Each structure stands twice: as C-alpha cells, then as structure tokens.
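A closer look at the structure
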Amino acid sequence: MNPLRQQISDSDWVARSLASVWHPCTQMQHHEMLPLKAISHGQGAWLMDHRGQRYLDAVSSWWVNLFGHANPRINAALKDQLDRLEHAMLAGFTHEPVVALSERLSALTGHHLGHCFYASDGASAVEIALKMSFHYWRNAGHAEKQEFVCLEGSYHGETVGALGVTDVPLFTEAYGGMCRRAHVVMSPDARQAADGETGTEVVARAIAAMRNLLERRATRIAAVIVEPLVQCAVGMAMHDADYLRQLRSLCDEYKVHFIADEIAVGCGRTGSFFACEQADVWPDLVCLSKGISGGYLPLSLVMTTDAIYQAFYHRELTRGFLHSHSYTGNPLACRAALATLDIFDEDQVIDANFQRSQWLADALEKVAAHPLVRYPRQRGMIAAFDVQPRVKEGFAQRCFAAALEQELLLRPIGTTIYWMPPYVLTEGEIADLGERTSRVLEALA
Ligand SMILES: *Cc1c(COP(=O)(O)O)cnc(C)c1O
C-alpha cells in the first residue's frame, strides 16, 4: 500500500490523484509547487473544479475539444448509440457508425482518400501510416525503400515508431537508443526568416534542403511526414501553404509518399477542414485524431488512396495490412465523430470560424502590444506568440499557474503562449481571453 494514501480525506481528489495517478507529460515532483486541479464538470468552453472555481479552456483540453464540454448534441448521439452497440470487433464485422463515418470523411476529400483505417490514439495513426507506406513499397517490389523523413521540430507522437519521426529533444532524448531515427530536414518555420527575407524565401530554402536529400537518397526513402501549416507541439511554428504544394511535387518526382499528420491541424483548426486543402493538394496518407471525436473519445484514423489500398489487395494473407488495435473503429467513438461532423454541417462551422478567427486576430493584436511579445502569429483557430521573459527556466509552469489565477487554462510550450480554443467562444469571450492573457503577462513581468 502506498504510504501517501493514509492521511488523505475522501474528498481530496488532488491528494488522492497525486498518490495514485502518474500524470502524463509531467515531472511529478513539480506538483509539490505546481497546482493540480481536480475537475468536476465542464460546460461549453469552461471547466469547473471541485472547489467551485472555473477555467476557460483556451487549449481545448490538449487540442481535442471542438464544440465545448458536455455538448448537448454530441451527448444525445452518444446516449442513443450506447443503447444500440457499445463495441464490436472490426475484423470480420462492421457497423453503421464506422461505415457512415468513413463515407463522410472520404467525401470531404472528394474521394481522393477513400479508404479509412482506424485506431484509437494519434500516435497509433502515425505508426499505421508509417507501416502502411513501408509495407506498400515492399508489396510494390521496392523493399529497399525503408527510410523516413521528418522536419526539424516535428512532433508525431510518443510511441517508439512515432518518436523516430519526432524531433523535439524533450521527448526523444531519453529514448534515442530505442528509436530508428528518420532523416531530419529543415523546417519551413517562418520565424527563421533572416532580416529582409520573406516567408516564401524560407519555404524555398526548406524545399531546396528536401530536394537535396531526396536526390541523394529517394531510392531508400518510403515517405516524408509533415504537420501541415502548423507544427504545433514544438511551439506553434507556422509556414506558408506553398511549402505543401512544392513538397507534393517533390514527392511525386522522387516517388516517395507524402504523409500529412493532421492530428492537431485537421478538423477545421487552421481554417479549412483539412489543412492541406489550403495548398490544394492531397497527400498519400492523412492521419486524423484529436478533434475528430469532438474531444469525447479516443479515435484516430489513417485515410489513404486507392493506389495504396490496391497494393495490399491480394489472395495472399501476408500482403494484407495485418495491423489492429482492440478498440479499432469503436462505435461510440465513431458516433461522437458523426455528431461532430453534423455540427460542422448544421452550423456551417468553417464559415463561422472565419469570423471567430478575426476576433482572435483582434485579441492577439492587443496582447502583442506588450513589450515582451515576439512573433505574434495565427492560422485560423490557432493564435500564438513568443515571450522574452527575464528568466526562461520554468516560464511555462509559472505562466500556467498565473493563468489559473485568471480563471484561464493556458499551457505554454517553452516560451510560446498560444490559444487553441474550442469553436464555441463568442466575441466577448475572445476579447476576455485576450484581457486575461494580458493580465497573466503583467503578473509575470
Ligand atoms: C497529439 C499529436 C499526435 C499524437 O496523438 P496522441 O493521441 O497524443 O497519441 C501526433 N501528431 C500530432 C501532430 C499531434 O499533435
């Protein structure tokens, strides 16, 4: 028995959690200083804790929530689904929610990506996309194409395969010995512009670096994986859509797959349903997760082309894609996703978010007037800026704590503060988000 458990009262959820739950992405010792909040319920963009305090969820609970907590429409769909079918295995069986969801997502790509393969978490979708590409080349008689390419600062999840295409030292460093490293190529992050250099010129440099690698190595390379438009986890690094257009041509020219990890940027986050739409290109494989279930249940999927699907379609078992997870295509999660897509249609969310992103731009402009702010930037429903604090060490944690004091859930990455709110904030709430954030900056200055 854990000795910490002994003197804890039943209603002390924080102490009970610290004694029994190993929290994700956390140095547990930091909770000796850092507040842990026990959430009792949520409504709209707000989370409420057991002490009656509330927090504006400006990061969509790790980028998953799209239409608010306890959304009545998603709740109703799930309650209905619960009484029909909670789960059935997807090998040898199928069900209405998974079929309907696959058809609707396929239609959203104009049927370019008409085959959906399901999993539960984002990292598993990335593993699937990598394996699918690798196995495709083997089936196509090019078993020598076994390597992958990712971008500087890329993040594709934290399972071992996904870490191999991740370039954030915080996550990879301890596990270097376990991972098969991908080639890491210059990111098109627009902040790298030298004095007088434009975003287009940064893109040209990044494309030249990619061409250089592919020219030397493409016969051994299966796929390039990128986070289109915004590399979120490294600190909301944004690039011009033209990068994706040029990358698409390079991948065609050198016969390597283009994998778009739209786990964070998909589902309307950047202003279009798929981020790649803004470059007018379709990748060979797209990973979706996070927002696809409205932030309700773990669901991820990989969408791919008929060309890739056909390379696995054969009499021989082992030419097939023999990958599975226990909860593959879970009906409840698919139903939450269908309810989420219904909201996109009924409320014309992509159009409505255009207005909402203008409000976000106004709020960002005000916060960016602060003398410590650098590189204010925005893409649709993601707004971010860098801060130059006097003390960098521990800035993210101090900022998180200071934001809670302002009834605000912010979770800075290093010295980057960002907003990635659910698509339900009103004009007033967005202005309020800006003002609260300014007060956080004041408190930290
Ligand atoms: C969150 C994320 C992942 C991993 O998803 P998990 O569900 O956390 O495994 C992969 N890629 C990107 C771009 C992400 O933002």
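Attention in this report is confined to the structure presented alongside it. Everything quoted here is computed from the prediction, not taken from an experiment.

What follows deals with the layout of surface pockets. The computed volume of the second largest pocket comes to approximately 720 Å³. Cys116, Phe117, Tyr118, Tyr309 and Phe321 are the residues nearest the centre of the second largest pocket, which is lined by 27 residues in total. Looking at the lining of the second largest pocket, the elements with two or more residues in it are helix 4 (96–108), strand 4 (115–119) and helix 10 (306–312). Per-element tally for the lining of the second largest pocket: the top contributor is strand 4, with 4 residues. In terms of residue class, the lining of the second largest pocket is built from 14 nonpolar, 12 polar and 1 charged.

Before going further, it helps to spend a moment on unusual backbone geometry. If you check the backbone angles, Lys255 has positive phi at about 55 degrees while not being a glycine. Following the sequence through the fold, Lys255 ends up in the loop between helix 9 (242–254) and strand 10 (257–261). Its identity as a non-glycine residue notwithstanding, Cys267 has a phi of 55 degrees, on the positive side.

Burial within strand 12 (residues 300–304) is extensive, with 5 of its 5 residues counted as buried. Burial along strand 12 is two-sided: the face carrying Ser300, Val302 and Thr304 and the face carrying Leu301 and Met303 are both buried. Inspection of the sheet shows strand 11 (residues 285–288) paired to strand 12 by 4 bridges, in the antiparallel sense. Each residue of the ladder has a partner; that of Leu288, found in strand 12, is Leu301.

For the rest of this paragraph, the subject is the pattern of salt bridges. If the charged atoms of two oppositely charged side chains come close together, the side chains can form a pair. Throughout the structure, instances matching the rule amount to 18 salt bridges. Taking the shortest distance from any N to any O, the salt bridge between Asp252 and Arg248 comes out at 2.8 Å. Of this pair, Asp252 and Arg248 both sit in helix 9, 4 residues apart, which is roughly one turn of that helix. For the salt bridge of Arg436 with Asp432, the shortest nitrogen-to-oxygen distance reads 2.7 Å. Of this pair, Arg436 and Asp432 both sit in helix 14 (residues 427–444), 4 residues apart, which is roughly one turn of that helix. Look at the salt bridges and you will find they share partners, linking Arg54, Glu407, Asp432 and Arg436 into a network.

Rules behind the numbers
Residues numbered from 1 in each chain as written. Predicted model: local features only at pLDDT ≥ 70, side-chain atom pairs only at ≥ 80, totals over all residues. Heavy atoms only, no water. 1 Å grid on protein atoms, 1.4 Å probe; cavity = no way out; pocket = protein on both sides within 12 Å on 5 of 7 lines; lining within 4 Å. Points joined across faces, edges and corners; volume = space filled by probe spheres on them. Helix = DSSP H or I, 4+ residues; strand = E, 2+ residues; numbered from the N terminus. Nonpolar A, V, L, I, M, F, W, Y, C, P; charged D, E, K, R; others polar. Buried < 20%, exposed > 50% of the residue type's maximum accessible area, 1.4 Å probe, protein only. Pairing = 2+ DSSP bridges. Salt bridge = Lys/Arg side-chain N within 4 Å of Asp/Glu carboxyl O.

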